[in-house]
Amino acid sequence: MSITAVTTVLAVDGMSCGHCERTVAAALSALPGVTEVVADAPSGRVTVASARPLDEDAVRGAVDGAGFTLVGRG
């Protein structure tokens, strides 16, 4: 049985390449409870698997701190 309970899709502005994807993924992976992050620059979407719902402020802080903009969920 997987410990992943929640999948969240985020819209992130500013990703344009693989380096951007890795930077955003690393920032979000550092959040408590995150088990997997898949960033896709062409779509501007980041899928985050976590053991519990993510704290919106923590997510925004991680994305902003990495130099990108959290547009919202979706």
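Here the structure is a predicted model, which is why all the values come from computation and not from measurement.

Q: I keep staring at the sheet that holds strand β2 (residues 34-40) and nothing clicks. Help me out?
A: A sheet is described by the order of its strands in space; here four strands give the open sequence β2-β3-β1-β4, paired in antiparallel fashion. Edge positions in the sheet fall to β2 and β4 (69-73), since each of these pairs with one other strand and no more. Each neighbouring strand pair of the sheet contributes to a mean axis angle of 30 degrees, computed without reference to strand direction. Strand contacts of helix α1 (residues 18-29): β1 (6-13), β2 and β3 (45-50), with the helix running at about 160 degrees to β2, the strand carrying the most contacts. Taken strand by strand, helix α2 (residues 56-65) contacts β1 and β4, and its axis lies near 145 degrees from that of β4.

Reading the values: rules and limits
Residues numbered from 1 in each chain as written. Predicted model: local features only at pLDDT ≥ 70, side-chain atom pairs only at ≥ 80, totals over all residues. Heavy atoms only, no water. Pairing = 2+ DSSP bridges. Helix = DSSP H or I, 4+ residues; strand = E, 2+ residues; numbered from the N terminus. Axes fitted to C-alpha atoms, helices over the stretch in contact; angles between N-to-C directions. Contact = heavy atoms within 4.5 Å.

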